[in-house]
Amino acid sequence: MVTTHNLGFPRIGARRELKFALEAYWKGESSREELIKIGSKLRQRHWEQQAALDLIPVGDFAFYDQVLDMSFILGNLPERARGYHGDALDNYFRVARGRSAPGIEDHGACCSGVQAGEMTKWFDTNYHYIVPEFTTETAFSLDASRLLDQMNQAVELGVKVKPVLIGPVTYLWLGKAKDDSDKLALLERLLPVYAQLLDALAVAGAEWIQIDEPILVTELGDDWRHAMSLTYHRLSGCRAKLLLATYFGQLQENLHLASTLPVAGLHVDAVNAQDEVATLVDLLPAHKVLSLGVINGRNIWKTDLGSVLDWLEPLHDRLGDRLWLAPSCSLLHVPVDLASESKLDPEIRSWLAFAVQKLDELKCLASALTQGREAVLDELSDNRAAIISRQSSVRVNNPTVKTALTELDPKMGTRKSPFRIRKARQSTLLNLPVFPTTTIGSFPQTSVIRHARRQFKAGELDGEGYKDAMRAEIVRCVREQEALDLDVLVHGEAERNDMVEYFGEQLDGYAFSQFGWVQSYGSRCVKPPILFGDISRSRPMTIDWITYAQSLTDKPMKGMLTGPVTILNWSFVRDDQPRSVTCRQLALAIRAEVLDLEQAGVHIIQIDEAALREGLPLRKSQWNAYLKWAVEAFRIAANGVADETQIHTHMCYSEFNDIMPAIADMDADVITIETSRSDMELLDAFDEFQYPNEIGPGVYDIHSPNIPSQEHIVQLMNKAAERIPKDRLWVNPDCGLKTRQWEEVIPALRNMVAAAKVLREMA
Ligand code: GLN
Ligand code: ZN
């Protein structure tokens, strides 16, 4: 027998039921009982969808975030969130969001909002978790009530339960010591609570417990490696069998450690670390289970079952019952069910597998191993047909694009003259004041805009009608910016639903799902477009909008594009060629758009790379290779223009220290960044590196409805000027304004422009 199991299932629901239930509860439109009922229904449905597996995860469900759940289980709530009345669930939301539901907050001053927990990316995924907080004082105490309720629900339903937990070492590693103390010192206090938890789960019916230690695929110091071994020796006496799970990459130098820890089984990511499996099989003691994550839990493509079987069969001969099969990681990172996608092109659809389909693949592999391939002949041959259809499809393979790629000349990524010369030429052409003001691109996406777009998509508004509606917004946006006396204007991005989807929709090689939502954080989901084929641009994508906007004003209008690296990082991308190649194809498409904009008389072009940092590999040793092709792609996209054309880029994050050389290498004439919350200290990195080009440090946080004062902006810019010469500074907000209201945007920008004028007088 080959045991099949799953590491985690998407909890948001095929129709995002959890999202809507949460948001209704938070708005006070539904009761806590209602929310709890929907949660329990979703769990039941998801267990049913996994019923064919031998072991099914319990505890992968969370109302907000599985790491926050772990913090509650361990009794590790930040001090500021303690002592409130109300239900534990409300306190949970308080930590997650800074507030609970309206009816709950009305208790009075004591309950009116606490600072929300910090959020950060879960390894290299687009999922964000609530960072556990520690101090030297942190004490732990077990509160497994919610997890045990879920266990009981599952056991009652006859589910073959396997509780899943974040392991103690990864839990500490994910958190932040608020007082800069040594997090690892807490391990001694943490382990007894984990021991109690494991026993409680065993009592509740768990034979196996999955304990996740994904940090084993990262570069760990000796102290962390030691902690890992100490932990599992301590926990080895627990009543249940432990399956230690690693995912998202290779074990490399931690391989020996992982295979010798005293647990009953080890799960590895056999997609990313397939090469390590042979060594593991040799190293693993004969009593241990080896779970191979053979189905990719991070993409939406069908698995090539035949070739996986070719590889698995000899392993199965060697391991016998000790071989388990699973997806590579939790399926949290893929959409739920392809069956919902009735509008997707049937050919493309035949190449895809969402969570439910991935589990079918898993079952098929297990049957082929235990009963022989004959037992699943039809499934295997359907799969084979889909794999071949995808490999040979003319929609995937475009010879023109492939030729263009081979003809790529590195000179294409280099500007004609160095920055100093470009700066002089641009300044003659543009004639901007010192401390020029601009915005990052988008203006409020009003309900009027969204309504028009919905009507257009539903066929209730024709192309001309939609264009008129968007043009009316552009007129408004330009008039407002002129009235504010901004120096470099934008058209406002009214016509864009999303900065990646907008370009994807116009590029060949992209497809779009209707329900392909993936949880990003809390109730928020994203629906990444599907990049399935060679990328080409059949016609200009932005020229009409930008030239129309330019025709309305004498001030310079900034063209607005999304960069190749960001388009790549925010899409589901093909797995049949390296990401670097796909990125280069995107770069050529964006380059063509840049050159068309220039041709159309647009002198300033911004290419957003909001997600460049996100693509950094988990292991630092692989950063340079990524940055090399990512920066090269940006340069190909941006640098074909004349000296007089000013290239801007925008990045909305606040960590540059460790990637400074790459940022400088992009050679954008102007970079706008997020700085307001770091009090301009972030500019130290640019200062120390002697970053040579111009910088627009964001002067106010667009995530907040607060209106920044003129004095505060002057103060911030003076701080900026201590680090960067004045003639290289721009004045702009942190990021785009699409999520704000006009009533907030106008006074904020008015103060920003007034501040710039004060700064000019002081200069
Ligand atoms: N130009 C985009 C906007 O203004 C940039 C968004 C982003 O950086 N995430 O909305
Ligand atoms: Zn941004």
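Reading guide: rules and limits
- Residues numbered from 1 in each chain as written.
- Chains lettered and ligands numbered in written order.
- Predicted model: local features only at pLDDT ≥ 70, side-chain atom pairs only at ≥ 80, totals over all residues.
- Heavy atoms only, no water.
- UniProt positions renumbered as here; feature names shortened; annotations may be inferred.
- Pairing = 2+ DSSP bridges.
- Helix = DSSP H or I, 4+ residues; strand = E, 2+ residues; numbered from the N terminus.
- Donors = N, O, S within 2.8 Å, 3.2 Å for Na, K, Ca; no water.
- Buried < 20%, exposed > 50% of the residue type's maximum accessible area, 1.4 Å probe, protein only.
- Near = heavy atom within 4 Å.
- Polar contact = N/O pair within 3.5 Å; in protein donor to acceptor, adjacent residues only side chain to side chain.
- Areas by Shrake-Rupley, 256 points an atom, 1.4 Å probe, with all protein chains shown as cover.
- Nonpolar A, V, L, I, M, F, W, Y, C, P; charged D, E, K, R; others polar.
- Contact = heavy atoms within 4.5 Å.
- Domains from an automatic or database assignment.
- Buried area = accessible area lost by both parts, 1.4 Å probe.
- Salt bridge = Lys/Arg side-chain N within 4 Å of Asp/Glu carboxyl O.
- Phe/Tyr/Trp six-rings, centres within 6.5 Å; stacked < 30°, edge-to-face > 60°.
- Axes fitted to C-alpha atoms, helices over the stretch in contact; angles between N-to-C directions.
- Lys, Arg positive; Asp, Glu negative; His and termini not counted.
- Core = buried A, V, L, I, M, F, W, Y, C linked by side-chain atoms within 4.5 Å.
- Left-handed = near helix turned anticlockwise from the far one by under 90°.

By the naming in an unreviewed UniProt entry, the chain is 5-methyltetrahydropteroyltriglutamate--homocysteine methyltransferase, taken from Acidihalobacter aeolianus. Word for word, the UniProt comment on the chain under Pathway (unreviewed entry) is "Amino-acid biosynthesis; L-methionine biosynthesis via de novo pathway; L-methionine from L-homocysteine (MetE route): step 1/1." Here the chain is described in UniProt, under the heading Function (unreviewed entry), as follows: "Catalyzes the transfer of a methyl group from 5-methyltetrahydrofolate to homocysteine resulting in methionine formation."

Here's the deal with the pairing of strand S14 (residues 518-521)
The pairing of S14 with strand S15 (residues 524-526) spans three bridges and is classified as antiparallel. Each residue of the ladder has a partner; that of tyrosine 521, found in S15, is arginine 524. Between S14 and S15, which pair antiparallel and follow one another directly, the connecting turn spans two residues, one of which, glycine 522, has a positive phi of 50°.

A word on the coordination of the zinc ion (ligand 2)
Looking at the zinc ion (ligand 2), one finds its protein donor set to be His650 (NE2), Cys652 (SG) and Cys735 (SG), positioned 2.0 to 2.4 Å from the metal centre. Binding-site remark: the zinc ion (ligand 2) is held by donors from one chain whose sequence spacing is H-x1-C-x82-C. Placement of the pair is cysteine 652 in the loop between strand S20 (646-651) and helix H25 (660-666) and cysteine 735 in the loop between helix H27 (710-723) and helix H28 (742-762), with a sequence separation of 83 residues. Accessibility expressed as a relative area gives 17% for cysteine 735, which makes it buried.

Focus on the site of ligand 1
Taken together, 13 residues surround ligand 1, and among them Ser442, Glu493, Asp608, His650 and Gly736 come closest. Isoleucine 440 is positioned with one of its backbone polar atoms (N or O) 3.1 Å from a nitrogen atom of ligand 1. Its free accessible area being 290 Å², ligand 1 has 93% of it covered by the protein chains. Residue composition of the shell around ligand 1, grouped by class: six nonpolar, four polar and three charged.

Notes on the environment of tyrosine 691
Along the polypeptide, tyrosine 691 turns up in the loop between helix H26 (683-688) and strand S22 (694-697). Overall, tyrosine 691 belongs to the buried group, its relative accessible area being 2%. Expressed as a C-alpha distance, the spacing of tyrosine 691 and proline 661, which sit 30 residues apart in the sequence, is 8.7 Å. For tyrosine 691, the residues in contact, after removing those within four places along its chain, are Met660, Ile663, Ala664, Ala668, Ile671, Phe686 and Arg728.

Things to note about the domain arrangement of the chain
By the assigned domains, the chain splits into domain 1 (3-7 + 50-81 + 119-392) and domain 2 (412-501 + 556-762). Relative placement of domain 1 and domain 2: their C-alpha centres are 38 Å apart. The interface of domain 1 with domain 2 comprises 21 residues on the first partner and twelve residues on the second. When the two sides are added together, the surface that domain 1 and domain 2 hide from each other amounts to roughly 1,200 Å², 48% of it contributed by carbon and sulfur. Its largest share of buried area at the contact with domain 2, domain 1 owes to Glu219, Trp301 and Arg390, together 35% of the area lost on that side. Inspection of the region where domain 1 meets domain 2 yields four salt bridges. The partner of arginine 390 in a salt bridge is aspartate 576, with the nearest N and O atoms 4.0 Å apart. On inspection of domain 1 and its partner domain 2, the count reaches eight residue pairs in polar contact (both at pLDDT 80 or more).

Here we look at the packing of aromatic side chains
Tallied over the entire structure, the rule returns 21 aromatic pairs. Centre to centre, the rings of tyrosine 626 and tryptophan 629 are 5.1 Å apart; their planes meet at 80°, and the pair counts as edge-to-face. Of the two residues, tyrosine 626 and tryptophan 629 both sit in helix H24 (residues 623-638), three residues apart, roughly one turn of that helix. The exposure class assigned to tyrosine 626 is buried, which follows from its relative accessible area of 4%. Put simply, the rings of Tyr25, Trp26, Tyr64, Phe72, Tyr92 and Phe93 pair up and form one aromatic cluster.

Here's the deal with the sheet that holds strand S19 (residues 604-608)
Read across the open sheet, the five strands follow the order S17-S19-S20-S21-S22; overall the sheet is parallel. Pairing within the sheet leaves two strands with one partner each, and these edge strands are strand S17 (558-562) and S22. Taking the axes of each pair of neighbouring strands and ignoring which way they run, one obtains an average angle of 20° across the sheet. With five bridges joining them, S17 and S19 adopt parallel strand pairing. From the neighbouring strand, methionine 560 faces S19, where its bridge partner is glutamine 606.

Notes on the pattern of salt bridges
Applying the stated criterion to the full structure yields 47 salt bridges. Of the charged contacts in the structure, one is a salt bridge between lysine 19 and glutamate 23, with a shortest N-O distance of 3.1 Å. Placement of both lysine 19 and glutamate 23 in helix H1 (residues 17-26) is noted, with a separation of four residues, approximately one turn of the helix. The class for lysine 19 is buried, based on a relative accessible area of 11%. In this structure glutamate 23 comes out as partly exposed when scored by relative accessible area, which is 21%.

Quick look at the side chain of glutamate 276
Residue position: glutamate 276 is located in the loop between strand S10 (265-269) and helix H11 (277-283). No salt bridge is formed by the buried glutamate 276, whose closest oppositely charged neighbour, arginine 619, lies at an N-O distance of 6.3 Å. Every residue in contact with glutamate 276, bar those within four places of it in the chain, is listed here: Gln250, Leu251, Gln252 and Leu255.

A word on the nonpolar core
It is characteristic of soluble globular proteins that their nonpolar side chains tend to be buried jointly. If you look at the biggest cluster of nonpolar residues, it comprises 108 residues, and the most contacted ones within it are Ile647, Phe656, Ile663, Phe686 and Leu749. For this core, the element with the most residues is H24, which contributes eleven residues. Of all hydrophobic cores here, the second largest spans 104 residues; its members include Val67, Leu172, Leu216 and Leu305.

Structural notes on the packing of helix H19 (residues 463-484) against H28
Between two packed helices, both the angle of their axes relative to each other and the distance between the axes serve to describe the pair. Interaxial distance between H19 and H28 falls to 10 Å at its minimum, and their mutual angle equals 35°. Seen along the crossing, H19 lies across H28 with a hand that is right-handed. Every residue of H28 that contacts H19 at Arg476, Cys477, Glu480 and Leu484 is listed here: Trp742, Ile746, Leu749, Arg750 and Val753. Grouping the constituent residues of the contact of H19 with H28 by class yields six nonpolar, no polar and three charged.

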